[in-house]
Amino acid sequence: MHIDIITVVPDLLTGPFSHSILKRAEDKGIASVKVHNLRDYATGKQKQVDDYAFGGGAGMVMQIEPIARCIEALKKTRTYDEIIYMTPDGKTFDQPMANTLSLHQNLLILCGHYKGVDERVRERFITKEISIGDFVLSGGELAAAVVADAIIRLIPGVLNDETSALTDSFQDGLLAPPVYTRPAEYEGMKVPEVLLSGHEAKINEWRFEASVRRTRERRPDLLSKEESGKSDVKSNKK
Ligand code: ADE
């Protein structure tokens, strides 16, 4: 997979993509991310990419011309499956969306800044608009990093343990169960006996029940009405 990201603050994206899983995916040749500075597509001495909003009001608006030049130039190099605009009024990002996007070959992500982009950019070029939650960031860069991370880690071969992405929270509509490691007892706090038993079927059953219980306690909205009404799995937390 290849992801191109267009931004006016490329420095914000160098950190996330030069570490950890994303770096490993790049090194293995499984995924690549390229950050493009929108200012490189601006004209004039000032390399201006934004201007005042027609009709007045506070805040600058990103102009269509530099964005159009950048997107047109990138479209000559590859065919994009989606051209995504990061915006708080987009569709809320979730695990099913990450799963779908992880199947694509080429993605282009445009990060908004200031008051956002001229609406005509969205009408002309954008195929998908994504929000990472009901809050406003100062720009789409951190949101783009979140989306790219969630997508890239799902591509087979990126994670060392192939199955670990499948057991993530949300992957089966449930939160992940608690996990433990050594020591088996810490200041009187014991790891649940079943996890030390070596009995795989029982461990899987315990994990499933713990997942359901945790989901019911913390995110009942994820469970169907019928499921969340059951009382067989009891809460152990106030
Ligand atoms: N840009 C600013 N806020 C954002 C959000 N919540 N999601 C995606 N992009 C954004």
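A quick note: this is a predicted structure, and the numbers were derived from the prediction, not measured.

Visitor: Residues and numbers for the overall build of the protein, please.
Guide: Assigned secondary structure in the protein consists of eight helices and nine strands. Relative to a compact globule of 238 residues, whose C-alpha radius of gyration would be 18 Å, the protein shows 22 Å and is clearly more extended. Taken along its principal axes, the extent of the C-alpha atoms in the protein is 70 × 40 × 35 Å. Across the 238 residues that make up the protein, the buried fraction comes to 40%. Look at the contacts in the protein between residues 6 or more apart in sequence, and 71% of them connect residues 24 or more apart. On the protein, roughly 14400 Å² of surface is accessible, and the fraction owed to carbon and sulfur atoms is 52%.

Visitor: Account for the pairing of strand S6 (residues 106–111), with residues named and values stated.
Guide: Counted residue by residue, S6 has six buried out of six residues, so it is predominantly covered. Sheet topology note: the strand S1 (residues 2–7)/S6 ladder contains five bridges and is parallel. Residue pairing in the sheet places Ile6 in a bridge with Leu110 of S6. Relative to S6, strand S5 (residues 82–92) is paired through five bridges, and the arrangement is parallel. Paired with Tyr85 across the bridge in S6 is Leu110. Considered for its hand, the β-α-β crossover made up of S5, helix H4 (residues 95–101) and S6 is right-handed.

Visitor: Describe in detail the site of the ligand, supporting the description with residues and values.
Guide: Around the ligand sit 13 residues, and of these Thr87, Ile132, Gly133, Phe135 and Leu137 come closest. Here Thr87 contributes a backbone N or O atom positioned 3.2 Å from a nitrogen atom of the ligand. At a separation of 3.0 Å, a nitrogen atom of the ligand approaches a polar backbone atom of Ile132. Elements supplying a minimum of two residues to the shell around the ligand: S5 and strand S7 (128–131). Per-element accounting of the shell around the ligand gives the leading share, three residues, to S5. The residue inventory of the shell around the ligand, partitioned by class, reads eight nonpolar, five polar and no charged.

Visitor: Before we move on, could you go through the domain arrangement of the protein and cite the residues and values that matter?
Guide: With domains assigned, the protein is organised as domain 1 (2–152) and domain 2 (171–237). The C-alpha-based centres of domain 1 and domain 2 are spaced at 38 Å.

Visitor: I'd like a rundown of a nonpolar patch on the surface, residues and numbers included.
Guide: Together, Leu12, Phe135, Leu137 and Leu142 make up a nonpolar patch on the protein surface, roughly 340 Å² of accessible area in all. By secondary structure assignment, the location of Leu137 is in the loop between S7 and helix H6 (141–152).

Parameters at a glance
- Residues numbered from 1 in each chain as written.
- Predicted model: local features only at pLDDT ≥ 70, side-chain atom pairs only at ≥ 80, totals over all residues.
- Heavy atoms only, no water.
- Helix = DSSP H or I, 4+ residues; strand = E, 2+ residues; numbered from the N terminus.
- Rg over C-alpha atoms; globule rule 2.2 N^0.38 Å.
- Buried < 20%, exposed > 50% of the residue type's maximum accessible area, 1.4 Å probe, protein only.
- Contact = heavy atoms within 4.5 Å.
- Areas by Shrake-Rupley, 256 points an atom, 1.4 Å probe, with all protein chains shown as cover.
- Pairing = 2+ DSSP bridges.
- Right-handed = clockwise from strand over helix to strand, strands pointing away.
- Near = heavy atom within 4 Å.
- Polar contact = N/O pair within 3.5 Å; in protein donor to acceptor, adjacent residues only side chain to side chain.
- Nonpolar A, V, L, I, M, F, W, Y, C, P; charged D, E, K, R; others polar.
- Domains from an automatic or database assignment.
- Patch = residues over 30% accessible without salt bridge, like charges linked within 9 Å, V, L, I, M, F, W, Y side chains within 5 Å.
- Salt bridge = Lys/Arg side-chain N within 4 Å of Asp/Glu carboxyl O.

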